[in-house]
Amino acid sequence: MLTVAEALHRAQMLCDAATKAGADAADALYYCNAATSVSMRLGALEDVERSEGQDISLRVFVGQRSASVSTADMDAGELAKLVDRCVAMAREAPEDPYAGLAPADRLFHGAIPDFDLDDGSEADPQALRGAALAVEEAARAVAGVTNSEGGSASHSRTRFALVTSHGFAGGYGASGHSLSASVIAGEGANMQRDYGWHSAHYLSDLESVDAIGTRAGTRAVARLNPGKAPAGKLPMILDPRVGSGIVGHLLSAIAGPAIARGTSFLLGKEDRALFDSSIVIRDDPHRLRGLRSRAFDGEGLPTAARDIVVDGKITGWLLDTASAKQLGLEPTGHASRGGGASGVSASNLHLAAGTLTPEALMADIKEGIYVTELIGQGVNPVTGDYSRGASGFVIRDGQIAGPIAEFTVASNLVDMFAALIPANDLEFRHGTNVPTLRIDGMTVASG
């Protein structure tokens, strides 16, 4: 794994070589991840895995033509061949009027702030083994758990560096720790599975093995002997671990590429109050130790905190340079980069907490459903139609009652946004965080 300084130097050499070879502009992106994971099952070591993957991608522009190539080979001779190949490919590519680097006058400049993403730790296989064993044992200790899919613990280190030929160079590193357990309750045809997990940049921020394991076991046992879901138009409560998907669907609908293609169900609804006026959804790329914190986006533009939704309305589209050009707007610092063209992504997201406890949120529900798992990808991004398989619990007289499974929930995302009510139990644990959510008027049908 290269240091950030070494990665920046290698990326700068690629950009310089590309412009010397005839490219009008270029950028180079380096990414490396080194991970160690240990899995235990039924108290025995099941797997130890060590992986290290690095990749450097070069994107060049010749006029309005562009091409991208990538390699894991850091040999100087191979990188020289990569440059020649990429420039030759760009000369043969079709013209794209929207191709190009981000505006030079808007690039991030100055020192990269420290968002405290690296605890300086190194992988300790023995400690990982101990944690994986302990989290599985905590899950198996729950009465009713009969089998295990295992406990796992992992440590990772990442490096990211981006250089452009028109003046940007920046990079950062991060550490990662994760812990999970997955167990089975019941016997024969009456078996149910569930899990618990958590990840963090700092080991000290990781939830305890007892909490994660106990949650996995308790949830698996709670799912035993599921009944049939009620049918009709009913209120739905979304557990926080699945409620974040609602925010994900919103982000897909306001992403610049989807707007430029005309494939978003929110086109024409920019000024409409889509949510209740109390709803706020915030993107905060500068959160200390945030799982998606970043000072600059995938094109070298500065990032900034932004309310995606405020007073119930969206505040605009999330744009990279290409989609901004197509729409006649300015990029918003939300570009993401893989090996080729940029896409769009947000950073640390959360839907602000409401005022009611989860118990109060469901207190007036005569009959409804509490959803803990959603299955499938039944969302139409063009129309907003929503239909997914689900499992969870029935709600009767304001209380969570017995488990239910194999049912579907359906509606339209516009209607779901309008009906959404958050509880007050927001916790910052993941990349996207939401409290318990209530959405009335869902069509529920048994599978």
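Throughout what follows, the structure given in this document is the object of discussion. (Residues numbered from 1 in each chain as written. Predicted model: local features only at pLDDT ≥ 70, side-chain atom pairs only at ≥ 80, totals over all residues. Heavy atoms only, no water.)

Looking at the overall build of the chain
- Helix and strand content of the chain: nine helices and 19 strands.
- Computed over C-alpha atoms, the radius of gyration of the chain comes to 24 Å, within 12% of the 22 Å expected from 2.2 N^0.38 for 447 residues, which places it in the range of a compact globule.
- With the C-alpha coordinates aligned to their principal axes, the bounding extent of the chain is approximately 70 × 55 × 35 Å.
- Across the 447 residues that make up the chain, the buried fraction comes to 47%.
- Accessible surface, the chain as shown: approximately 18900 Å² in total, 51% of it carbon and sulfur.
- Computed over 38 positive and 54 negative side-chain charges, the inter-centroid distance for the chain is 3 Å. (Helix = DSSP H or I, 4+ residues; strand = E, 2+ residues; numbered from the N terminus. Rg over C-alpha atoms; globule rule 2.2 N^0.38 Å. Buried < 20%, exposed > 50% of the residue type's maximum accessible area, 1.4 Å probe, protein only. Areas by Shrake-Rupley, 256 points an atom, 1.4 Å probe, with all protein chains shown as cover. Lys, Arg positive; Asp, Glu negative; His and termini not counted. Charge placed at Lys NZ, Arg CZ, Asp CG, Glu CD.)

So, the packing of helix α1 (residues 4-20) against helix α2 (residues 76-92)
- Where α1 contacts α2, the axes come no closer than 10 Å and their chain directions differ by 45 degrees. Regarding the angle of α1 to α2, the classification is oblique. Every pair of crossing elements has a handedness; the one defined by α1 and α2 is right-handed. Mapping the contact onto sequence places Arg 10, Leu 14, Ala 17 and Ala 18 in α1 and Leu 79, Leu 82, Val 83 and Val 87 in α2. (Axes fitted to C-alpha atoms, helices over the stretch in contact; angles between N-to-C directions. Parallel < 35°, antiparallel > 145°, perpendicular 65-115°, else oblique. Left-handed = near helix turned anticlockwise from the far one by under 90°. Contact = heavy atoms within 4.5 Å.)

Remarks on the sheet that holds strand β1 (residues 25-41)
- A sheet is described by the order of its strands in space; here six strands give the open sequence β3-β2-β1-β4-β5-β6, paired in antiparallel fashion. With one partner strand each, in any of the chains shown, β3 (65-71) and β6 (190-200) form the two edges of the open sheet. Direction aside, neighbouring strands of the sheet carry axes that sit 20 degrees apart on average.
- Against the sheet, helix α4 (residues 209-222) touches β4 (145-164), β5 (169-187) and β6, its axis set at about 155 degrees to β6. (Pairing = 2+ DSSP bridges.)

Comments concerning the nonpolar core
- Core analysis: the biggest nonpolar cluster contains 47 residues, and Leu 250, Ile 281 and Val 409 have the highest contact counts within it.
- For this core, the leading source of residues is helix α5 (residues 240-254), giving seven residues.
- Beyond its immediate sequence surroundings of up to four residues, Leu 250 is in contact with Leu 266, Phe 275, Ile 281, Ile 308, Val 309, Ile 314 and Phe 417.
- The next biggest cluster of nonpolar side chains, apart from the first, holds 26 residues, and it includes Ile 56, Val 60, Leu 79 and Cys 86. (Core = buried A, V, L, I, M, F, W, Y, C linked by side-chain atoms within 4.5 Å.)

Examining unusual backbone geometry
- Positive phi is not limited to glycine here, since Arg 289 has a value of about 65 degrees.
- Assignment of secondary structure puts Arg 289 in the loop between β8 (281-283) and β9 (306-310).
- The phi dihedral of Glu 406 falls on the positive side, at around 55 degrees, and the residue is not glycine.
- Its location among the elements puts Glu 406 in strand β16 (residues 399-412).

Some points on the pairing of β9
- Pairing geometry for β8 and β9, over three bridges, is antiparallel. Residue Asp 283 lies in a different strand from β9, and its bridge partner there is Arg 306.
- The sheet contact formed by β9 and strand β10 (residues 313-314) spans two bridges and is antiparallel. Its bridge partner being in β10, Val 309 is matched across the sheet by Ile 314.
- Following β9, the chain reverses through two residues before pairing antiparallel with β10; Asp 311 in that reversal takes a positive phi of roughly 55 degrees.

Focus on the pattern of salt bridges
- All told, the structure shown has 20 salt bridges when counted by the stated rule.
- Here Lys 366 ties to Asp 397 by a salt bridge, and the two come within 2.9 Å at their closest N and O atoms. Taken as a pair, Lys 366 in the loop between α8 (358-361) and β14 (367-375) and Asp 397 in the loop between β15 (385-396) and β16 lie far apart in primary sequence, 31 residues in all. Both residues of the pair, Lys 366 and Asp 397, count as exposed.
- Here the salt bridges share partners, and the residues they tie into one network are Asp 194, Arg 223, Arg 241 and Glu 373. (Salt bridge = Lys/Arg side-chain N within 4 Å of Asp/Glu carboxyl O.)

Structural notes on the sheet that holds β9
- Pairing in this open sheet of five strands is mixed, and the strands run β10-β9-β8-β13-β18 from one edge to the other. In this open sheet, the two edge strands, each paired with only one partner strand, are β10 and β18 (432-433).
- α5 rests against β8, β9, β10, β13 (349-351) and β18 of the sheet, and its axis sits at about 100 degrees to β9.

Some remarks on the pairing of β4
- Within β4, 15 of the 20 residues are buried, which leaves it mostly tucked inside the rest of the structure.
- When β1 meets β4, the two strands line up antiparallel, connected through 14 bridges. When the sheet's bridge partners are listed, Ala 34 is paired in β4 with Arg 157.
- When β4 meets β5, the two strands line up antiparallel, connected through 17 bridges. Paired with Val 145 across the strands is Ala 185, a residue of β5.
- Linking β4 to β5, which pair antiparallel, is a turn of four residues; within it Gly 167 sits at a positive phi near 120 degrees.

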